[in-house]
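# What the coordinates show
Spelled out, the chains give:
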Amino acid sequence: MAKRIDVSDLDIFYGSFKAVESVNMSIEPQSVTALIGPSGCGKSTFLRSLNRMHEVIPGASVAGKVVMDGQDLYGSDVDPVAVRRHVGMVFQRPNPFPTMSIYDNVAAGVRLNSGRMRKATLDELVESSLRGANLWEEVKDRLGRPGSSLSGGQQQRLCIARAIAIKPEVLLMDEPCSALDPISTLAIEDLIYQLKSDFTIVIVTHNMQQAARVSDRTGFFNIEGTGKPGRLIEMDATQRIFSNPSVKATEDYITGRFG
Amino acid sequence: MTSTTVTPPDRKRVQNSLTSGMLPRWVPPAIVAGILAVGLAAGLLFDVNLMLAAAFAVVGVGLVLTVVSRQVEGARRAKDRLVTVVVTSAFVLALLPLVSLLITVVQNGIERFDGEFLTQTMRGVLGEGGGAYHAIVGTLLITAAAAVISVPIGIMCAVYLVEYGRGRLARAVTLLVDVMTGIPSIVAGLFAFAMFAIFFGPSVRFGIGGAVALSVLMVPVVVRSSEEMLKLVPNELREASYALGVSKSRTVVKVVLRTAAAGIATGVTLAVARVIGETAPLLIIAGSTTRLNADLFEGRMSSLPIFTYYSYTIPGVPPEFGVDRAWAAALTLFVIVMLLNLVARAISRYFSLNSR
Ligand SMILES: Nc1ncnc2c1ncn2[C@@H]1O[C@H](COP(=O)(O)OP(=O)(O)OP(=O)(O)O)[C@@H](O)[C@H]1O
Ligand SMILES: [Mg+2]
């Protein structure tokens, strides 16, 4: 199920502005890859290019290759809508559909794609997704309530449940805990740890401890100055990045000695 | 010096910096009552103009309250009181014509607003009796047809502008919609007449022509209001949908339109209410008749505004029956618009609470 992604020479643009330059990276299946770096260095931009969400922004474009299991996601015959079914995404701010109930939010991937499914099968899918997101016990008695009636942390887990309900192979998470309290954060970190056995996970975070706790490999992005493109400075096993990075800038950033 | 308390120099009666003088609750109503009493007394003694008296009363209340409040409560609260008086009187001023209109229409119209009026036509009626059944049916049919034509066009146009439109074409469409908003209703009627006259000759009169003329007026209103509602849908919801592997068209239909549905429903009702009382275009293209015609595509069709107009201008002999019918028809129109607003509320509540 989980798949491997190889990125080569990826440049990412907003109109004529080059936001990210020549990224080469391999993302291992069934592992957690963390992306860290200062604000504005292009982590979100890079992450969104992995499931072709980047091109949703008017004028945005990408050059280079993102190969998932031998298939270039940016190949001319590839349908971006299909790519997104294989590469799911969780956003920084929880964004459940406000007009839908908790149940419908989880079922949204199936329903919106007009996939007909027997009620019993759908019920099972919703339950297993909510269990997978560690939310089932909290909401099983109120599946008909609006998704927006949950707390922020619960909403974020609802969004994770919604993302895993379409059974993607890869799950991208852009600062999924930045709006959450420490307890919800821990719950989501536990969840990431469990999900790792089924999915390939890429997570952007500003929290060094979080990167150290949950990830197997860590990539450090940096930017030379405003207006310059962001670059992948180094990427290695998380332990190595945090104990003995090979680039000075990485060490400075991790230890907080960053200008 | 250990004290860090700052005492405002202009307020002497205050004990510390957080509390200040406060007018007792009864003071503002008492001032209003006092001034009203003075005004009433003056009105009884001398013969004064009502409007003038009201204006003086408002100014008086504002002045007295501000001065008193300034003495007791300080400058900031005095300003607050003054602005409260101004805002309240502006509100009342805006409401007065509306209430007066409502009262006049109900007073004059209620007499003939009866079962006969709602179920009979004017066929063969010269003096007493008769009703506006044919006009009610005509208004409902023409307006419904106008809505059927313009709501899909308007919503699709708004979807295009918000979700797809880029560059020159979108700007052109926006400009055209703006221009359309300013079209005088008589011109819309002439347009419909000129268009249908090409095919059916200059004596053409039918309901659907009226519906087309009304759509010309309705489309820009629907586009504008739907556009605003669609813009309110947060981009995050679109992205959430895309990220689930949902295509753009399905996202627009099932997420964006669904989220904006409550607002769009309200906008559509307002647009209907805007055109349901149009007289000029219907005068030209739908014409007028005394009997029931429920066929939009054939023959003259009466409607409530036209019925009102003719009942008033050509009341027959003796004239009071026609005038009464005119008022009753105006009241009927009022009631229909009220009902429409209720329906809109129900719809928007259904869409916004509904989560099954
Ligand atoms: N929609 C957009 N249009 C144009 N430029 C953009 C857009 N989004 C981001 N950028 C630019 O791209 C660069 C990278 O932004 P990005 O959001 O990827 O940073 P980030 O690393 O995720 O930062 P943060 O940690 O603050 O989230 C920035 O210079 C930003 O100004
Ligand atoms: Mg970001």
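As the structure is a prediction and not an experimental result, all values here were calculated from the model.

### With respect to the site of ligand 1
All names here are of chain A.
- Taken together, 13 residues lie near ligand 1, and Ser39, Lys43, Ser44, Thr45 and His206 sit nearest.
- In this structure, Tyr14 approaches ligand 1 through a side-chain N or O atom, which is 3.2 Å from a nitrogen atom.
- Here an oxygen atom of ligand 1 and a side-chain polar atom of Ser39 are 2.4 Å apart.
- Within the complex, the protein chains bury 63% of what would otherwise be the 630 Å² of accessible surface of ligand 1.
- Those elements giving two or more residues to the shell around ligand 1 turn out to be strand 2 (17-27) and helix 1 (43-49).
- The element best represented in the shell around ligand 1 is helix 1, accounting for three residues.

### Things to note about the UniProt feature "domain: ABC transporter" (unreviewed entry) in chain A
- Here the UniProt feature "domain: ABC transporter" (unreviewed entry) sits at residues 5-245 of chain A.
- Secondary structure across residues 5-245 of chain A divides into 35% helix and 27% strand, with the first and last C-alpha atoms of the span separated by 23 Å.

### Side note on the domain arrangement of chain B
All names here are of chain B.
- In terms of domains, chain B is made up of domain 1 (25-109) and domain 2 (118-355).
- Measuring from the centre of the C-alpha atoms in domain 1 to the corresponding centre in domain 2 gives 40 Å.
- Taken together, the seven residues of domain 1 in the interface contact six residues of domain 2.
- Surface buried jointly by domain 1 and domain 2 totals about 600 Å² across both partners, of which 85% is contributed by carbon and sulfur atoms.
- Of all residues in domain 1, Val105, Asn108 and Gly109 bury the most surface against domain 2, accounting for 65% of the area lost on that side.
- For the pair domain 1 and domain 2, the number of links is zero salt bridges.
- Across the domain 1-domain 2 interface, the total number found is zero residue pairs in polar contact (both at pLDDT 80 or more).

### A look at the UniProt feature "transmembrane region" (unreviewed entry) in chain B
Residues and elements named next belong to chain B.
- In the numbering used here, UniProt assigns the feature "transmembrane region" (unreviewed entry) to residues 26-46, 52-70, 82-106, 132-161, 173-200, 206-223, 255-276 and 326-347.
- Secondary structure content for residues 173-200 is 89% helix and 0% strand, while the C-alpha to C-alpha distance between its ends is 30 Å.
- As annotated, residues 326-347 has a helix share of 100% and a strand share of 0%, and its two end C-alpha atoms lie 32 Å apart.

### Description of the nonpolar core
- Among the nonpolar cores identified, the biggest contains 49 residues, and Phe97 and Leu112 of chain A together with Ile142, Leu214, Met218 and Leu230 of chain B are the most heavily contacted of them.
- Those elements that provide at least two residues to this core are helix 3 (102-112) of chain A together with helix 5 (133-164), helix 7 (185-200), helix 8 (207-232), helix 9 (235-243), helix 10 (248-276) and helix 11 (280-285) of chain B.
- The leading source of residues in this core is helix 8 of chain B, at 10 residues.
- Leu135, Ile160, Leu171 and Ile192 of chain A belong to the second-largest nonpolar core, a separate cluster that totals 43 residues.

### Section: the UniProt feature "domain: ABC transmembrane type-1" (unreviewed entry) in chain B
- UniProt tags residues 136-344 of chain B as "domain: ABC transmembrane type-1" (unreviewed entry).
- Counted over residues 136-344 of chain B, helix gives 79% and strand 0%. Its end C-alpha atoms are 20 Å apart.

### As for the interface of chain A and chain B
- With 31 residues of chain A at the interface, the matching set in chain B holds 20 residues.
- Roughly 2,100 Å² of surface becomes buried between chain A and chain B when both sides are summed, with 59% attributable to carbon and sulfur atoms.
- Contact with chain B buries area across many residues of chain A, yet Phe97, Thr99 and Leu112 of chain A alone supply 28% of it, more than any other trio.
- Taken together, the links from chain A to chain B amount to two salt bridges.
- With a closest N to O distance of 2.8 Å, Glu239 of chain B and Arg48 of chain A form a salt bridge.

### Describing unusual backbone geometry
Residues and elements named next belong to chain A.
- One non-glycine residue with positive phi stands out, namely Gln30, at about 50°.
- If you trace the backbone, Gln30 turns up in the loop between strand 2 and strand 3 (32-36).
- The backbone of Arg52 sits at a positive phi, close to 60°, despite the residue not being glycine.
- Topologically, Arg52 is positioned in the loop between helix 1 and strand 4 (60-68).
- Since its relative accessible area comes to 10%, Arg52 is described here as buried.

### A word on the side chain of Thr269 of chain B
- Within the secondary structure layout, Thr269 of chain B lies in helix 10.
- Excluding residues that lie within four positions of it along the chain, Thr269 of chain B makes contacts with Leu340, Asn341 and Ala344 of chain B.

Calculation notes
- Residues numbered from 1 in each chain as written.
- Chains lettered and ligands numbered in written order.
- Predicted model: local features only at pLDDT ≥ 70, side-chain atom pairs only at ≥ 80, totals over all residues.
- Heavy atoms only, no water.
- Near = heavy atom within 4 Å.
- Polar contact = N/O pair within 3.5 Å; in protein donor to acceptor, adjacent residues only side chain to side chain.
- Areas by Shrake-Rupley, 256 points an atom, 1.4 Å probe, with all protein chains shown as cover.
- Helix = DSSP H or I, 4+ residues; strand = E, 2+ residues; numbered from the N terminus.
- UniProt positions renumbered as here; feature names shortened; annotations may be inferred.
- Domains from an automatic or database assignment.
- Contact = heavy atoms within 4.5 Å.
- Buried area = accessible area lost by both parts, 1.4 Å probe.
- Salt bridge = Lys/Arg side-chain N within 4 Å of Asp/Glu carboxyl O.
- Core = buried A, V, L, I, M, F, W, Y, C linked by side-chain atoms within 4.5 Å.
- Buried < 20%, exposed > 50% of the residue type's maximum accessible area, 1.4 Å probe, protein only.

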